[in-house]
Amino acid sequence: MDQVLELKNIHYAYHTLEGETSALTDISFSLKEGEFISIVGPSGCGKSTLLSLISGLLEPEKGLIKINGKYLRESTTNVGYMLQHDELFEWRTIYNNVLLGLEIQHMLTARTKEKAHELLDTYGLKKFENSRPSELSGGMRQRAALVRTLVLEPDLLLLDEPFSALDYQTRLNVGDDIGQILRREKKSAILVTHDLSEAISLADRVIILTKRPATIKQTIPLIFDLEEDTPLNRRNAPEFKTYFNLIWKELNTDE
């Protein structure tokens, strides 16, 4: 597989009038095409900051970030960013919400409009195209937010706790749904989450960060012996408990 993303010796600190707060120290990892990585760590350790650096919203103080072999500033790779909340606009229909990113990036064409219709149909939202966000359940809204991201055809998808605002049952169903969608679309993705079960059920690898300033404590590859490897099936697999206990122990053991 080709390497989509490379981070090498990334350092980042926040600066205020009160002084400097180091957030990330010497972070290095790579992501292959079609691979899904989950990142876990203590609250406030810099997980979301890491996604902001990868997306280009922040610049590292040291180190390099490459996407598809090019430095981040030079890269034209389309990066999708899915946030904790769906951020759908109530005054726009679901279809028009899906088109928003295309409009902003001046990519609105007959082909991309048709692609939006196709994705809404594929993921069970076709009959809600003309509905307002308030008429949809939380899970359906989050699925619409994913379609809005996928219609831009990103090579890399960043997921910042995208299911955290949902109730537990909906979170399980939507996580399973979106996990299968991303595998079917062969998307390279990075998920930041506090939920260890979610991290294990979705990813190919889990990266464990230390407390702030965060470094990589350990990277754990996830291998399941399943005929049908889906997030929900993983939760019932015998390997699941082993991985959960291993990651839990790493998070709760001081070096």
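It should be noted that the structure appears before, not after, this text.
Counting starts from 1 at the beginning of each chain's written sequence and moves along it residue by residue. Note on the predicted model: pLDDT of at least 70 is required for a residue's local features to be given, and 80 or more for side-chain atom pairs to be given and counted; whole-chain, interface and lining totals, by contrast, use all residues. Derived side-chain values reflect all non-hydrogen atoms in the structure, with water molecules and hydrogen atoms excluded from consideration.

### So, the pattern of salt bridges
Salt bridge criterion: a side-chain nitrogen from Lys or Arg within 4 Å of a carboxyl oxygen from Asp or Glu. Under the definition given, this model contains six salt bridges. The partner of R73 in a salt bridge is E59, and the shortest N-O contact between them spans 2.8 Å. Of this pair, R73 sits in the loop between β5 (70-71) and β6 (79-82) while E59 sits in the loop between α1 (47-55) and β4 (62-67); the two residues are 14 residues apart in sequence, bridging distant segments of the chain. Partly exposed residues are those whose accessible area sits between 20% and 50% of the maximum for their type, while under 20% is buried and over 50% is exposed, using a 1.4 Å probe and protein chains only. A relative accessible area of 73% places R73 in the exposed class. Here E153 and R111 are joined by a salt bridge, their closest N and O atoms 3.4 Å apart. Residue E153 is found in the loop between α5 (138-150) and β7 (156-160), and its partner R111 is found in helix α4 (residues 110-122); the two are separated by 42 residues along the sequence. For E153, a relative accessible area of 36% corresponds to the partly exposed category. Helix numbers and strand numbers start at the N terminus; a helix is a DSSP run of H or I with at least 4 residues, a strand a run of E with at least 2.

### Some remarks on the packing of aromatic side chains
Both the distance between ring centres and the angle between the ring planes are used here to describe each pair of aromatic rings. For Phe, Tyr and Trp, rings pair up if their centres lie within 6.5 Å, where Trp contributes its six-membered ring, and each pair is then called stacked (planes under 30 degrees apart), edge-to-face (over 60) or tilted (otherwise). Counted according to the given criterion, the structure contains four aromatic pairs. Ring plane angle 85° and centroid distance 5.1 Å describe the contact between Y12 and Y14, whose orientation is recorded as edge-to-face. Of the residues examined, Y12 reaches a relative accessible area of 11% and is grouped as buried. Exposure remark for Y14: the relative accessible area of 36% places this residue in the partly exposed category. Should the NZ of a Lys or the CZ of an Arg lie within 6 Å of a ring centre and within 35 degrees of the ring normal, that charge is described as sitting over the ring. Its guanidinium or amino end placed over the ring of Y71, K66 lies 4.8 Å from that ring's centre, counting from NZ or CZ.

### So, helix α6 (residues 168-184)
Multiply 1.5 Å by the residue count of a helix minus one, and that product is the helix's expected span. Along its 17 residues, α6 runs 24 Å from first to last C-alpha, staying within 8% of the 24 Å computed at 1.5 Å per residue. Along α6, the residues classified as buried are R171, L172, V174, G175, D176, I178, G179, I181 and L182. Once α6 finishes, K186 follows within two positions and takes phi at roughly 55°, a positive value.

### Notes on the sheet that holds strand β10 (residues 216-221)
In this scheme, strands are said to pair when DSSP sees at least two bridges between them. Pairing is mixed across the open sheet formed by six strands, whose spatial order is β6-β7-β8-β3-β9-β10. Single-partner strands in this sheet number two, and they are β6 and β10. Across the sheet, the mean angle from the axis of one strand to that of its neighbour is 15°, orientation sign disregarded. The pairing of strand β3 (residues 36-40) with strand β8 (residues 188-192) spans four bridges and is classified as parallel. The residue bridging S38 from the neighbouring strand is L191, located in β8. Its contacts with the sheet place α5 against β6 and β7, and it is angled at close to 165° to β6. Fitting a line to C-alpha atoms yields each axis, with helices limited to the stretch in contact; the angle taken between N-to-C directions then spans 0 to 180 degrees. Throughout, a contact is declared for two residues whenever any of their heavy atoms are within 4.5 Å.

### With respect to the packing of α5 against α6
At their nearest, the axes of α5 and α6 sit 10 Å apart, and the two run at 20° to each other. As judged from the angle between their axes, α5 and α6 are roughly parallel. Crossing handedness for the pair α5 and α6: right-handed. Within the contact between the two elements, α5 uses G139, Q142, R143, L146 and L150 and α6 uses T170, V174, D177, I178, I181 and L182. Counted by class, the contact of α5 with α6 contains six nonpolar, three polar and two charged residues. Here the angle decides the label: under 35 degrees means roughly parallel, over 145 means roughly antiparallel, 65 to 115 means roughly perpendicular, and every other value means oblique. Crossing handedness: left-handed means the near helix sits turned counterclockwise from the far one by under a right angle, and right-handed means the same turn made clockwise. All residues other than Ala, Val, Leu, Ile, Met, Phe, Trp, Tyr, Cys, Pro, Asp, Glu, Lys and Arg, Gly among them, are scored as polar; the first ten of these are nonpolar and the last four charged.

### Describing the environment of Q218
Here Q218 lies in strand β10. For Q218, a relative accessible area of 28% translates into the label partly exposed. In sequence terms Q218 and G139 are 79 residues apart; their C-alpha atoms lie 32 Å from each other. Filtering out sequence-adjacent residues up to four positions away, Q218 remains in contact with V206, I207, I208 and E250.

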